[in-house]
Every structure is written in C-alpha cells, then in structure tokens.
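This is what each chain is made of:
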Amino acid sequence: MTDIAQTQMDADQPAPALADESQLPDPLRSRLNGQLNGRKVVAWSEFDLDESNRYTQRYAVLTEDELIVLVDGAAQAIPVGQIGEAKVLEGLGVDRLRVLVDGRPLAEMRYSKRHVRGMSKLLRKLERRLPRKDGSDVPPDWLEGVEREAERLEHCPKCGELIPSYAEGVCPRCLQQRKILWRLLDVAKPYRRQIVKAFALTILMAAMTTLPATINRYLIDRAIDPRTYDAAGKQLPLDVSVSDRVHQLVLWASLLLLTVLFSEFVNGLRLRTLAKVGTQVTADLRLMVYAHMHELSLRYFAKRRTGSLITRVTNDTDRLWDFIVFGSIDLIRDVAMIVFIAAVMFWMNWRLAAIALLPLPVLAVLTYHRGMRMQRMFGRLWTYWSRMSAVVGDALPGVKVVKAFANEAKEIGRFQRRSDEYTEKEQEIHIVWTALQPVVSGLMRFGALLVWIVGGYMVIMHRNNQNTFGVLVAFTAFVQSFYSPIMELANSNRMVTRAATSAQRIFEVLDTPPDIFSKPGALRKDQLEGRIEFKQVSFSYEGTAPALREVSLTVGPGEMIGLCGPSGAGKSTFVNLICRFYDVTDGQILLDGVDIRDYEVKWLRRQVGIVLQEPHLFHGAIAENIRYGRPEASEQEVMAAARAANAHDFIVGFPDGYDTMVGERGQSLSGGERQRISIARAILHNPRILILDEATSSVDTETEKQIQQALDRLVSGRTTFAIAHRLSTLVAADRLVVLEKGKIVEEGLHADLVNKENGVYAKLHKTQVEMSSLVAIR
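(A) Summary view of the overall build of the protein chain. A count of helices and strands for the protein chain gives 26 helices and 17 strands. Burial analysis of the protein chain (778 residues in total) assigns 46% to the buried set. Long-range pairs, those at least 24 residues apart, make up 70% of the contacts in the protein chain with a sequence separation of at least 6. Summed over its atoms, the accessible surface of the protein chain is roughly 39900 Å², and 56% of this surface lies on carbon and sulfur atoms.

In structure tokens form, the structure reads like this:
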C-alpha cells in the first residue's frame, strides 16, 4: 500500500477515543489537580491571551458534562447543559471563543492564530453537545479526519513532536547528519565510476603525503649527515665519500621533486573529477526538487513562503555542491592521511610517535562538543536566512505597491532587521567555530615542541640508527602533516552541518507526496462533453471550518453558470475543486458521469481554461505568453486567438509586435491588455470547460466592453463557470448559483432572483445599485 493511500485511510478513520487524564500534558494536568475525578476528556486546547491581549498560558478542557476554563490559578467549571450558545468572534490577529449562558457571556477565551485549530476542534465538540437551534448546522463528522490529517502534516512522522513553524517541514530534533548525507549517494548512483575514481585518487594522494617527510629523513641521514652506529649506540667511522654524499643528495632530492610533482598531478585530477561529479549531482538534485514542486498541490505552497522555496532550489543545492566537491571526499582524505602518517610515525619511532600524539585526546573531546553545539546552531541559522530571503520575495513582486505608498524606507528597514538577526546568529556560530582554531593550532605547536624537546634529547643522549637527526626532522614534518587534517576535520563540522541542513530541506520537498495524483490506469477521453455534477460535495482546507457544505449541482454541456455571493461564500473553492487543485473532503464531482479523481490529473487540467482577475504573464514575448498552453501553435493560430480576444490591434501597435517583451508578470502592459492576452491564451488553448474568475472587475468601461466581447466568443459552446462580484456581468448566464457560507442558497435566472423578496441575490444586487448611484452622484 502506498503512503498516500495509507494517509487517506488514516484520514477516513473515526475520531479517536476520549482521552484519559494521564494523556494530557504535564502543565495542564497539574493545573487540573485531579478536578476531572476520573472523567474522560472530550477535547482540550491551550489559549494564549488574557483580557488585555497579553501573552499568557491558559487552558480549556471539555468533558462530557462540563467545560472547564483554567485561568491563571483559578478553574471555572460550566455545565454543558446550561450553555445556550458558543461562538467564535474573529478579530485582527485575535479570536475569541465566547460562551453564553441565558444569553449572557459567562466565559470568553482569547487566542492568537496559532491556537485556531485547537480552539475550533474544542468548539465543534462542544456544539455537538448543545441543544440544536432551528436552522443551525451540526459540525460534520468528516471534519475530524481533515483536522487529523492537517495535524499529521505538522508533526514529525519520526518523533511525533510538533514541527516549529520556522522549520517549514524540517524537524530539527530528527536532523541526523549521517543518514541524510548518506542519501546523497542514491542521487549520485549514475556517477559511481567517477566517484570510485575520485576515491581511489584520494587514497593515493593521502598515502603520498607520507613520502616527503620520509624522503627528508634519508636525505639528511644519507647525504647531509651520514652516520652509522653499532648495537650499543656507538658511532662507527664514516666510510662515505663526498662524491657518494652528493650522489645521494641528488638522488633523494630528485625523488622528492618527482613525489611533489606526481602528488600535485593526482590532486588536480582528483579535484577535476570531483568538480564534474558535484556539478552533475547538484544539477540533478536541482531539477528533481523543482520538478517535484510542480507535482505538489496548492496546499503545500499555501503554507510556505516563496523565498523559502526559492532558497531550496538555489542556495541549498549550491551548498551541497560545495560539500560534494570539497567536503565528503576530503573527509575521507583527512582520515586516510591521519592513518597513514600515524602508521609511518610508529614505524620510524614508536616512542616519539606516542609523545607527538599526546594532545590528540584533548583535541578530540573539544572537537566533538563544539560539533554538537554547532549542529544545533546551524539548524536555527537557516531560519533567519529564510526569513531574510522571504522579505525580498515579498517586496520585489509588490514593488509598485511599495512605491505607491512611498514605503521604500520601511521595506529597507524590514530587510535590515532580518539581515541583522541573521548576522547576529551567524556571528554566534563564528565565535564558536573560531574559538577552537587557536586551541588546535596551540596543541599542534605543543606537539611539535614535544617532538623537538624529547626527540632532541633522544638524539643527543641515545643516538643510534633509530634516533637520528633525520628522524627528528621527519617527525617535526609529520606532526605538522598529522594535525593539519585534524584541524580540517574539526572545521569540517561547519560544512557538514550546513550541508546536512540543506539536504534535509531538499529531501523534505522530495519526500512530500503529492496530495493530488493520478490513480493507476487513470482515464483519458478523446472527446469530452463537459457535463459536470456536484453530488453532496463538502470541503475544508484545514479542518477549522467547512468552505463548502453538501453542495449538489448539475451543469449541462455548454451551459454557463454564474457564481455569486458574499466574500467567503465558497465561490473560489467551488472552481478550485473543478480544476482539482484540491480534492473534495466528502461527496464527489462527476465529469461526464465519471469521478474527476479517476481522470489523469494533467489531462483533466488541460481540459480546463482559466481567466483570472489578475492574469499572470511570464517574462517573455507576447506570442510566447499566448501560446503557453499550446507551444506548437503556429503564428497564424496565435494571431487568430489574439483577434478573437480583441488583442491584435494593440499588439501590432507595439514596435516589436508579437515579439514585444512584456516583462515580469506583464508589468509593462495595462490591466486590460494583460487580461485580453490572457483571454487569447485561453482561446488558443481551446478548453472544453472554462472558468472566469472576476475577469472584468478591474478595468474601465470601454475595456470591459472589449473584454466582454472576447469572452462572449470564448464561452460559446463551452461549459462555463463565471465568478463576478459585479452582478451585471452575469446577466447573460444561463443560470445563477448563489452561495452563502459554503451552501447553495439560491438558483435561477437573474430576472427571477433579483425580484425575490429577502433573497441573498436581491440584497447583493440592491446594494450594488445603491453604491453605483452614490458613485454617479459624486
């Protein structure tokens, strides 16, 4: 069974059993102080604001017969049977759950947005136990499944703890560097030959680091200072001529030169191989992340900021390139160097080797503790980087609004605050990171000093073939070569932690399964009629409140439906479900008699054309934007679509015509021009189902007339859903559907609904007429 299928099954399970007091968090249990007397808890939630909207910690606990409100040191118990009404009063950043007894407020719980879900769940449980009023809605049972799924997505699947909002899906408690970085090997599998080659070259280079110091020993002992000793350590007469010493000097010096040249050649070949592999692996990762993002549903993007997602595709993959090229293999090189050098040192003189390595245990302990501290600090550092990037991502797309309100200084200040926060945290890491540098350097120098003192004493007092001046010089070089990779390993924790954090964030994207996916054997049709049927459709975004409630509607092929109603009525949700941006929570939507979840997702969306209130144009030529849905369309087809959209005349008026660059989001064009290009794009796409979302709400009367003419051509023969607050634009609809609080409350023709007494549509129409009269008078 797939994870996605299992998730759906979990969401469909009934609500969990009532909670025992022992399952409550410790702070809440201590405040209750045994007040439950063995009663089961139906629901509980923390709320965090007092009467002056200052942060505090309070709780509300619901049992079968009482609502217990814990405020500071007091507990207020309200019998459920006495509660007449409980309702939420929404505010700007502060919501209030008010409990009424005999029409008077008996308790009011204030909370910020972070506790909306918990308080909404408690309210739903409470409402099910209150006497029903005429016309009031019982919270549907399926909301429990939606809420549990939303909570599951916000909790770590490994440890079960709530993932902090700043972490954006990455649990800092479960950041296991080894396992995360090990997964990079799966991505690098296509390049295993190059990796094995780089690994072999790394081991060879590490082994060769022992040669220069070893050669120096023989250079001194056989050419510069050739002496021999008997078994008792007594120096024997020198029997080497000057010419032999010069010959030995040339021989060992030449060998040293060849060793250095060959070592540099091997290192250059190694770096070239690693750079190539690192570039290819990070390019594959970058493409995988970006491609997978396009497979994810809108629900995923709604919870994350654009700057954060851009950072994952760009900065995080770049950090992994740095780790792959200069980190992972270099770690192996450093370990191999330490092993080879230590082996040669003990081979030359085990006593002197043991003395040279005396500072090593102290250095290992200090490095370990610093590494653990830096790992925690880097997990938080990315948060501040993401917040800083998010400010840029928010401000640049809205630069026109920023300039319109002359708020450049405010945005600069906002960025500076985030930048200062990031700089402060980065400085803290640098303090920890650099604090060990002088310690490592000092220990390394101390080790070298011990070698000079002890080794020098051994040469002076116990000179023999094992305690020569050449051995002493070689050991001083070995100490330098030995502690240098240790210093690199100590510093590598910074790179490893950064890479692990970036890899975790990348894999968080790749491991997120799409909410919307095509089933095995999904359907495609050669010809689509366009009949759509909603059957008892209900939907909720996060389980806090239903956006649609048991909506049933049948739309025939080619019929135009006008959707209207007050803000928040569910109009946008209605069309989002048709496009399958989200899946219904309850009920089903049929397209030509088949559940839309049985169709292939991409094929289904190609059958739907959307014209938005704020059309999005991509940076590029006008022709490229028009043929976005049909890249293979010819120039003649592009121009025909533009003529049908009343866009051809203004396009050819530009110096570059259809090759005119529109700039990012089409900012170089007027709103009406962007809208008509969007309509041309939809016409060329030739969808069977059309959605018009406030397509004429933000243009002048003349432009609206031209757009309306284009829309009349576009909707002809297509099943169309038109959303409009300007009700006059819906007069031509075959049928009007009026939504309120997620329900269809009225349905019919404009002429019928506008005269309906106390009708929702009639009230909306009357309000708009009055507003238009006021505008005309002014």
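(B) Structural context of the pairing of strand β3 (residues 66-71). Among the six residues of β3, five are classified as buried, and the element is accordingly described as predominantly covered. Where strand β2 (residues 55-63) and β3 come together, four bridges link them in antiparallel fashion. When the bridges of β3 are listed, Tyr59 appears paired with Leu70. If you look at the hairpin formed by β2 and β3, you'll find two residues sitting between the two strands. Counting the residues between successive antiparallel strands, the hairpin from β3 to strand β4 (residues 74-79) contains two residues, one of them, Asp72, with a positive phi of roughly 55°.

(C) Spatial organisation of the environment of Asp712. Residue placement: Asp712 occurs in helix α24 (residues 701-715). Taking the relative accessible area as the measure of exposure, Asp712 reaches 43% and is therefore partly exposed. Residues Asp712 and Ala645, spaced 67 residues apart in sequence, show a C-alpha to C-alpha distance of 9.6 Å.

(D) Broad picture of unusual backbone geometry. The backbone of Asp102 sits at a positive phi, close to 55°, despite the residue not being glycine. Within the secondary structure layout, Asp102 lies in the loop between β6 (95-101) and β7 (104-111). Taking relative accessible area as the criterion, Asp102 reaches 68% and is therefore assigned exposed. Of note in the backbone geometry, Lys741 takes a positive phi value of approximately 55° without being a glycine.

(E) Region of the structure containing the sheet that holds strand β11 (residues 586-591). One open sheet accounts for four strands, arranged β9-β8-β11-β12; its pairing is antiparallel. Each end of this open sheet is capped by a strand with a single partner; those strands are β9 (548-555) and β12 (594-595). Relative to β12, β11 runs antiparallel, the two being bridged by two bridges. Counted as the bridge partner of Leu591 is Val594 from β12. Sheet strands in contact with helix α18 (residues 571-578) are β8 (532-539), β9 and β11, and its direction is about 120° off that of β8.

(F) Layout of the pattern of salt bridges. Considering all chains together, one arrives at 23 salt bridges under this definition. The partner of Glu108 in a salt bridge is Arg98, with the nearest N and O atoms 2.6 Å apart. Remark: Arg98 occurs in strand β6 and Glu108 occurs in strand β7; sequence separation between them is 10 residues. Given the relative accessible area of 30%, Glu108 is considered partly exposed. Using a relative accessible area of 22% as the deciding quantity, one classes Arg98 as partly exposed. Between Glu411 and Arg414 there is a salt bridge, and its shortest N-O distance comes to 2.8 Å. Placement of the pair is Glu411 and Arg414 together in helix α16 (residues 408-461), with a separation of three residues, close to one helical turn. Relative accessible area serves as the criterion here: at 17%, Glu411 is assigned to the buried category. The exposure class of Arg414 is partly exposed, given its relative accessible area of 24%. Overlapping salt bridges bring together Arg96, Arg98, Glu108 and Arg110 as one network.

(G) Summary view of the packing of helix α21 (residues 635-644) against helix α23 (residues 671-685). Their axes nearest at 8 Å, the elements α21 and α23 cross at an angle of 125°. In this view, α21 runs oblique relative to α23, as classed from their interaxial angle. The element α21 and its partner α23 pack so that their crossing is right-handed. Mapping the contact onto sequence places Glu637, Val638, Ala641, Ala642 and Ala644 in α21 and Ala680, Ile683 and Leu684 in α23. Among the residues making up the contact of α21 with α23, the classes are represented as seven nonpolar, no polar and one charged.

(H) Layout of the packing of aromatic side chains. Throughout the structure, instances matching the rule amount to nine aromatic pairs. With centroids separated by 6.1 Å and ring planes inclined at 80°, the aromatic side chains of Phe650 and Phe654 adopt a geometry described as edge-to-face. Residue classification places Phe650 among the buried positions, given a relative accessible area of 15%. Three or more aromatic residues link up through ring pairs in this structure, and these residues are Phe534, Phe574 and Phe721.

(I) Seen up close, the pairing of strand β10 (residues 560-564). Burial runs high along β10: five of the five residues are buried. With four bridges connecting them, β10 and strand β15 (residues 719-723) associate as parallel partners. Counted as the bridge partner of Gly562 is Ala722 from β15. Pairing geometry for β10 and strand β16 (residues 735-740), over four bridges, is parallel. Following the sheet pairing, Leu563 is matched in β16 by Val737.

(J) Focus on the side chain of Asp592. Here Asp592 lies in the loop between β11 and β12. For Asp592, a relative accessible area of 15% translates into the label buried. Looking at Asp592, its side chain comes within polar contact range of the main-chain nitrogen of Gly530, at 3.1 Å. When near neighbours in sequence (up to four residues on either side) are disregarded, Asp592 contacts Lys525, Leu528, Glu529, Gly530, Arg531 and Tyr599.

(K) Molecular detail of the sheet that holds β15. As summarised here, the arrangement of the six strands in space is β13-β14-β15-β10-β16-β17, forming an open sheet in which the pairing is mixed. One side of each edge strand has no neighbouring strand; the edge strands of this open sheet are β13 (608-611) and β17 (743-748). Looking at each pair of strands side by side, their axes are set apart by 20° on average, direction ignored. The sheet strands contacting α18 are β10, β14 (689-693), β15 and β16, and the helix crosses β15 at an angle near 150°.

(L) Summary view of a nonpolar patch on the surface. Together, Phe446, Leu449, Trp452, Ile453 and Phe469 make up a nonpolar patch on the protein surface, roughly 500 Å² of accessible area in all. Ranked by residues supplied to the nonpolar patch, first place goes to α16 with four residues. Mapped onto the secondary structure, Ile453 falls in helix α16.

(M) Quick peek at helix α3 (residues 116-127). Under the 1.5 Å per step criterion, the end-to-end length of α3 is 16 Å for 12 residues, consistent within 8% with the ideal 16 Å. Of all 12 residues in α3, nine are buried, a share of seventy percent or more.

(N) Region of the structure containing the nonpolar core. Ile626, Ile651, Ile679, Leu692 and Leu714 are the most contacted members of the largest nonpolar core, which has 40 residues in total. Top contributing element to this core by residue count: α23, with six residues. Apart from residues lying up to four places away in sequence, Leu714 is in contact with Val611, Ile679, Ala682, Ile683, Leu690 and Leu692. Residues Phe534, Leu563, Val594 and Trp603 belong to the second largest nonpolar core, which totals 32 residues.

(O) Region of the structure containing the side chain of Thr573. Relative to the helices and strands, Thr573 is located in helix α18. Ignoring anything within four residues of it in the chain, the contact list for Thr573 reads Phe539, Tyr541, Ala547 and Leu548.

(P) Representation of the packing of helix α8 (residues 211-224) against helix α9 (residues 242-295). Running from N to C, α8 and α9 cross one another at 170°; their axes reach a closest spacing of 9 Å. Considering their axes alone, α8 and α9 lie roughly antiparallel with respect to each other. Of the residues in α9, those in contact with Leu211, Pro212, Ile215, Asn216, Tyr218, Leu219, Arg222, Ala223 and Ile224 of α8 are Arg245, Gln248, Leu249, Trp252, Ala253, Leu255, Leu256 and Thr259. Of the residues in the contact of α8 with α9, the class split is 12 nonpolar, three polar and two charged.

Reading the values: rules and limits
- Residues numbered from 1 in each chain as written.
- Predicted model: local features only at pLDDT ≥ 70, side-chain atom pairs only at ≥ 80, totals over all residues.
- Heavy atoms only, no water.
- Helix = DSSP H or I, 4+ residues; strand = E, 2+ residues; numbered from the N terminus.
- Buried < 20%, exposed > 50% of the residue type's maximum accessible area, 1.4 Å probe, protein only.
- Contact = heavy atoms within 4.5 Å.
- Areas by Shrake-Rupley, 256 points an atom, 1.4 Å probe, with all protein chains shown as cover.
- Pairing = 2+ DSSP bridges.
- Axes fitted to C-alpha atoms, helices over the stretch in contact; angles between N-to-C directions.
- Salt bridge = Lys/Arg side-chain N within 4 Å of Asp/Glu carboxyl O.
- Parallel < 35°, antiparallel > 145°, perpendicular 65-115°, else oblique.
- Left-handed = near helix turned anticlockwise from the far one by under 90°.
- Nonpolar A, V, L, I, M, F, W, Y, C, P; charged D, E, K, R; others polar.
- Phe/Tyr/Trp six-rings, centres within 6.5 Å; stacked < 30°, edge-to-face > 60°.
- Polar contact = N/O pair within 3.5 Å; in protein donor to acceptor, adjacent residues only side chain to side chain.
- Patch = residues over 30% accessible without salt bridge, like charges linked within 9 Å, V, L, I, M, F, W, Y side chains within 5 Å.
- Expected span 1.5 Å × (residues − 1).
- Core = buried A, V, L, I, M, F, W, Y, C linked by side-chain atoms within 4.5 Å.

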